[in-house]
Amino acid sequence: MSDIIFHHYDPSPFGEKIRSIFGFKGAEWKSVQIPRMMPKPDIMPLTGGYRKTPVMQVGAHIYCDTQIIIREIEARLPTPSLFPNGSDYLGWGTSFFTDKALFGICVAIVFGSFGDQMPDEFIKDRAELSGGNINIEKMKAGLPYSFQQFSSMLDWAEQGLEDGRSYFLGDVASLVDFNMYYCLWFAGRVPEAKAVIAKFPKLNAWMGRIAAFGHGSQSDMTSKEALEIANSEDVSDYTGEIVSVEGHSKGGQVTVTPNDSGRIPVTGTLITLTSQEVAIRHTNDIVGDVIIHFPRAGFILS
Ligand SMILES: N[C@@H](CCC(=O)N[C@@H](CS)C(=O)NCC(=O)O)C(=O)O
C-alpha cells in the first residue's frame, strides 16, 4: 500500500486535527512541511490551485480539506473507529461547529492577541485567504467579546464531560473529540485563552487524554520527493465512482471551489461524484495526471 504523505506545517491548527487522528489510529505517515502562506510552488501542482492546509497525498491521489482526509484515513485505517456507535452524524456535524464558529473565535483571539507581532505579508495573505475578513485593530478591540464567546462554548464542552466520561461520547474517543481538540490547542497559545481553558477542569483532563494519543509514527519527506511520487504513479486506469452526474457528465470539465475561504477554483475532468465526494482528474506538466478528491459539504461543483 502506498504511503500516506501529509503536507502541513507544525503550527497549523487543521494540521493538528489530522495529526492527533494519526495518533489515535497509530498511523505511519510521511511529513512534508509546506510554507505557511502563498506562494506554495510545490503544493500547487498537486492540488491544482487549492491553497489551504493540510493536504494529504497517497501516490497520485490528493485529498483536499480535513473532511475528505478524515474519510480516507477512516477507510484505510478503520480501527479504532472515529465513529463509535454509529456517531457519524455527530462527528461530521460537530466539525462544522468547531471548524467554523469555534475556530472563527479562536482566530479572532489569536490574531487579536498576536496580530501586532505578525509580519505584514502574513496578515495580507490571511486577509486574501478570508476574503478581506482580517482586521487586526477590530480583532484587538473585540477581544473581550471573543473571550465571552470562547468561554460559553467551552462551558458546553465542560457540561458534556460532567458525568465523568472520558470522551464526549463516552468511554472511547470519536471524531467529536478531535474536532474540538485542535481548536483549544490553537487558542491555547494565547496565555489568556489558556487561562480560560484552565477554568474547566474536566475539559483540561480531557485535553491531556487527547494529547496522549500523540501523532503516530512520522518520518520526514521533502516536497520534491512528494512531487516525484505523484509523477511516477500512473492513474490512467482509475475509474472513480459516479452515483449521479447531477447535470454534469463523467469526463466533463468541471471546477471545484471552497465555499468559505481560499475560494480558488480547481479545474479538471469529473471522475467521482457521490453524496460525500467529488474527485477530478487534473493534469499539469510537473506531476502529469493527479486525482484530486474533495468533500461535497463546503465545496461548490460547477
Ligand atoms: N476546511 C479546511 C480549512 C483549512 C484551513 O483553513 N487551514 C488554514 C490553516 S490550518 C489555512 O489553510 N491557512 C492558510 C494556509 O495555510 O495557507 C479544512 O478542513 O481542511
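Quick caveat, the model's predicted, so the values are computed rather than measured. (Residues numbered from 1 in each chain as written. Predicted model: local features only at pLDDT ≥ 70, side-chain atom pairs only at ≥ 80, totals over all residues.)

1. What about the overall build of the chain?
Within the chain, the secondary structure is distributed over 11 helices and 10 strands. In terms of C-alpha radius of gyration, the chain reaches 19 Å, essentially the compact-globule figure of 19 Å for 302 residues. Counting across all 302 residues of the chain, residues that qualify as buried make up 37%. Once local pairs closer than 6 in sequence are excluded, the contacts in the chain between residues at least 24 apart make up 72%. (Helix = DSSP H or I, 4+ residues; strand = E, 2+ residues; numbered from the N terminus. Rg over C-alpha atoms; globule rule 2.2 N^0.38 Å. Buried ≥ 20, exposed ≤ 12 C-beta atoms within 10 Å, placed from the backbone. Contact = placed C-beta atoms within 7 Å.)

2. Description of the domain arrangement of the chain
One can read the domain layout of the chain as domain 1 (5–79 + 218–244 + 269–295) and domain 2 (86–211). The distance between the C-alpha centroids of domain 1 and domain 2 comes to 25 Å. Counting from both sides, the interface comprises 11 residues of domain 1 and, opposite them, 13 residues of domain 2. (Domains from an automatic or database assignment.)

3. What about the site of the ligand?
Around the ligand, the structure places 15 residues, and the nearest of them are Ser12, Phe14, Lys52, Thr53 and Thr66. If you list the elements that add at least two residues to the shell around the ligand, you get helix 1 (13–25) and helix 3 (66–76). If one sorts the elements of the shell around the ligand by residue count, helix 1 sits on top with 3 residues. Of the residues that constitute the shell around the ligand, the class distribution is 4 nonpolar, 6 polar and 5 charged. (Near = placed C-beta within 6 Å. Nonpolar A, V, L, I, M, F, W, Y, C, P; charged D, E, K, R; others polar.)

4. Some thoughts on the environment of His61
In this structure, His61 sits in strand 4 (residues 61–64). The exposure class of His61 is partly exposed, given the 19 C-beta atoms found within 10 Å. Residues His61 and His293 lie 232 residues apart in sequence; the distance between their C-alpha atoms is 7.4 Å. The residues touching His61, leaving out its near neighbours within four places in the chain, are Ile291 and His293.

5. What about the nonpolar core?
Residues Cys106, Ile109, Cys183, Ala187 and Ile292 are the most contacted members of the largest nonpolar core, which totals 73 residues. Sorting elements by how many residues they give to this core places helix 8 (residues 175–187) first, with 11 residues. With sequence-adjacent residues up to four places away left out, Ile109 is seen in contact with Leu143, Ser146, Phe147, Phe150, Ala187, Val190 and Ala193. (Core = buried A, V, L, I, M, F, W, Y, C linked by C-beta atoms within 7 Å.)

6. Regarding the environment of Tyr182
Structurally, the position occupied by Tyr182 is in helix 8. Spatially, the C-alpha atom of Tyr182 lies 8.9 Å from that of Ile18, the residues being 164 residues apart in sequence. Ignoring sequence-local partners within four residues, the contact set of Tyr182 consists of Pro13, Phe14, Glu16, Lys17 and Ser20.

7. Remarks on the environment of Val290
Among the structural elements, Val290 can be located in strand 9 (residues 288–295). Residues contacting Val290, with those up to four places away along its chain left out, are Leu46, Ala60, Ile62, Ala230 and His282.

8. Section: the packing of helix 4 (residues 88–114) against helix 7 (residues 143–160)
Two numbers describe how helix 4 lies on helix 7: the axes approach to 9 Å, and their chain directions differ by 140°. When the axis of helix 4 is compared with that of helix 7, the two are oblique. The two elements helix 4 and helix 7 meet at a crossing, and its hand is left-handed. Within the contact between the two elements, helix 4 uses Leu102, Ile105, Ala108, Ile109, Gly112 and Ser113 and helix 7 uses Leu143, Ser146, Phe147, Gln149, Phe150 and Met153. Here the residues of the contact of helix 4 with helix 7 sort into 8 nonpolar, 4 polar and no charged. (Axes fitted to C-alpha atoms, helices over the stretch in contact; angles between N-to-C directions. Parallel < 35°, antiparallel > 145°, perpendicular 65-115°, else oblique. Left-handed = near helix turned anticlockwise from the far one by under 90°.)

9. Remarks on the sheet that holds strand 2 (residues 28–33)
Spatially, 5-2-1-3-4-9-8-7-6-10 is the arrangement adopted by the 10 strands of the open sheet, whose pairing is mixed. Each edge of the sheet is formed by a strand with only one pairing partner; in this case those strands are strand 5 (217–220) and strand 10 (299–301). Each neighbouring strand pair of the sheet contributes to a mean axis angle of 35°, computed without reference to strand direction. (Pairing = 2+ DSSP bridges.)

10. Some remarks on helix 7
In this model helix 7 runs 26 Å from its N-terminal to its C-terminal C-alpha over 18 residues, within 8% of the 26 Å that 1.5 Å per residue would give. Every buried residue of helix 7 is listed here: Ser146, Phe147, Phe150, Leu154 and Ala157. Considered in projection along helix 7, the buried side chains sweep an arc of 95° and stay on one side of the axis. Facing away from the buried surface of helix 7 by more than 90 degrees, the exposed residues are Pro144, Tyr145, Gln148, Ser152, Trp156 and Gln159. (Expected span 1.5 Å × (residues − 1). Arc of directions from axis to C-beta.)

11. Regarding the pairing of strand 9
In terms of residue burial, strand 9 counts as a mostly covered element, since 6 of its 8 residues are buried. Relative to strand 9, strand 4 runs parallel, the two sharing 3 bridges. Its bridge partner lying in strand 9, Tyr63 is registered against His293. Sheet analysis places strand 8 (residues 277–284) next to strand 9, joined by 8 bridges and oriented antiparallel. Bridge pairing in strand 9 links Asn284 to Gly288. Linkage of strand 8 to strand 9, two consecutive antiparallel strands, is achieved through a turn of 3 residues.

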